[in-house]
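For reference, the chains in residue letters:
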Amino acid sequence: GKELIKKGLAEIHPKISAADPELVQLQKEAIANGLGIWGDKTRHLRELHYGTVEKVKVISVWNPITYAIQFFGNQIETIEQTLVQPLNPLSSEDIRQLHLNDCIAVKTKVETVTSSDLNGVENIFRARIESFDETNTKITSVKLIDLALDSKDFTEVFKLPDELISIEPQSRTIRLG
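Residues numbered from 1 in each chain as written. Predicted model: local features only at pLDDT ≥ 70, side-chain atom pairs only at ≥ 80, totals over all residues. Heavy atoms only, no water.

> Help me understand the overall build of the protein chain in this model?
Helices and strands together make up the secondary structure of the protein chain, namely four helices and eight strands. Counting helices and strands in the order they occur from the N terminus, the protein chain gives α-α-β-β-α-α-β-β-β-β-β-β. Evaluated residue by residue, the protein chain yields a buried proportion of 38% over its 177 residues. Restricting to contacts in the protein chain with at least 6 residues of sequence separation, those with at least 24 account for 60%. By element, 52% of the accessible surface of the protein chain is carried by carbon and sulfur atoms, the whole surface being about 10,900 Å². (Helix = DSSP H or I, 4+ residues; strand = E, 2+ residues; numbered from the N terminus. Buried < 20%, exposed > 50% of the residue type's maximum accessible area, 1.4 Å probe, protein only. Contact = heavy atoms within 4.5 Å. Areas by Shrake-Rupley, 256 points an atom, 1.4 Å probe, with all protein chains shown as cover.)

Here it is, written out as C-alpha cells:
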C-alpha cells in the first residue's frame, strides 16, 4: 500500500481520520508533486480552506442547507473561452478507450441553474464520466464538474482539450451547518 500511495496510484479514503501518519505524509507529497491520480486535477474537488474567503456564485439550491457553488476567477474564464473553440468529437471507438471518472466535454442544455444566461441554452461543459452503456461505446451519464450537476441529456461528446485537464473543478456542493 505504501508504494502505491507514494506513486499516486492509490489514495487514503477521506473519511478515515485514524490513517497512518506516514501514509498521510506520502499522499501529501504525491499530491504536491502531481503524481499518478493527483496529476489530473479534473478528478478532484477544489478544496476549501478554513479562514480563506472565496468569490463564488450560487448556481443551484438543492434544499434549504445544500447549495452548488461556482468559483469566480481566471480559471472559469479560461475554461469558457477554450470550450467555445472547435473541439474534436469522440467516436464510439474513442469512447471504448475511456474509463469511469475520465473527463470529456459535452454539449447539453442546463435547466436547473440559477444563472439566467445558462438556463435552457445548449452549451459545452467539462464533464466527468459516470457511466457507459453495456457495450462501452456510449457514455450514458456524466457530472458537469464546473456546475456540480449530473446529466444524462447531452447531445454530443468531445475530447477535453489538454490545457483544461490541469484545472480542478470550478464548482462543488456545500452544506450549511
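Okay, back to it.
> In this structure, what is going on with the pairing of strand E2 (residues 66–71)? I would like to understand it.
It is a general feature of regular strands that their side chains alternate between the two faces of the sheet. Taking burial as the measure, the six residues of E2 include five buried ones, the bulk of the element. Pairing between strand E1 (residues 56–63) and E2: six bridges, direction antiparallel. Each bridged residue has a counterpart across the sheet, and for Lys 57 the counterpart in E2 is Gln 70. In textbook terms, the turn of a hairpin is the stretch between consecutive antiparallel strands, and for E1 and E2 this stretch comprises two residues. Where E2 meets strand E8 (residues 171–175), five bridges bridge the pair, whose relative direction is antiparallel. Bridge pairing in E8 places Gln 70 opposite Ser 171. (Pairing = 2+ DSSP bridges.)

> Looking at this structure, I do not really get the sheet that holds strand E5 (residues 139–144). What am I missing?
Picture the strands of a sheet paired through backbone hydrogen bonds; they go either parallel or antiparallel. The five strands lie next to each other as E6-E5-E4-E3-E7, forming an open sheet whose pairing is antiparallel. Either end of the sheet is taken by a strand with one partner, and the two such strands are strand E6 (149–151) and strand E7 (154–159). Averaged over neighbouring strand pairs, the angle between their axes works out to 40 degrees when direction is ignored. Two elements, strand E3 (residues 103–109) and E7, share five bridges in a ladder whose sense is antiparallel. Among the inter-strand pairings, Lys 107 is bridged to a residue of E7, identified as Glu 156. (Axes fitted to C-alpha atoms, helices over the stretch in contact; angles between N-to-C directions.)

> Would you mind going over unusual backbone geometry with me for this structure?
Positive phi, normally seen in glycine, also occurs at Asn 101, with a value near 75 degrees. Positionally, Asn 101 belongs in the loop between helix H4 (92–96) and E3. A positive phi angle is found at Asn 136, which is not glycine, with a value near 60 degrees. Summarising the element assignment, Asn 136 is placed in the loop between strand E4 (122–132) and E5. Asn 136 sits in the partly exposed class, given a relative accessible area of 33%.

> Teacher, can you tell me more about the sheet that holds E2 here?
An order of E1-E2-E8 is seen for the three strands of this open sheet, with the pairing classed as antiparallel. Lying at the two open borders of the sheet, with one neighbouring strand each, are E1 and E8. Looking at each pair of strands side by side, their axes are set apart by 30 degrees on average, direction ignored.

> I keep staring at the side chain of Thr 108 and nothing clicks. Help me out?
Tracing the backbone shows Thr 108 in strand E3. With a relative accessible area of 1%, Thr 108 lands in the buried category.

> When you look at the nonpolar core in this model, what are you seeing that I'm missing?
Nonpolar side chains tend toward joint burial in soluble globular proteins. Residues Ile 104, Val 106, Ile 139, Val 142, Leu 144 and Val 157 are the most contacted members of the largest nonpolar core, which totals 20 residues. If you list the elements that add at least two residues to this core, you get E3, E4, E5 and E7. It is E4 that provides the largest number of residues to this core, a total of four residues. Sequence-distant contacts of Val 106, that is, excluding residues within four places in its chain, are made with Asn 123, Ile 124, Phe 125, Ala 127, Val 142, Leu 144, Phe 154, Glu 156 and Val 157. Counting 11 residues, the second largest nonpolar core, distinct from the first, contains Ile 79, Leu 87, Phe 158 and Ile 167. (Core = buried A, V, L, I, M, F, W, Y, C linked by side-chain atoms within 4.5 Å.)

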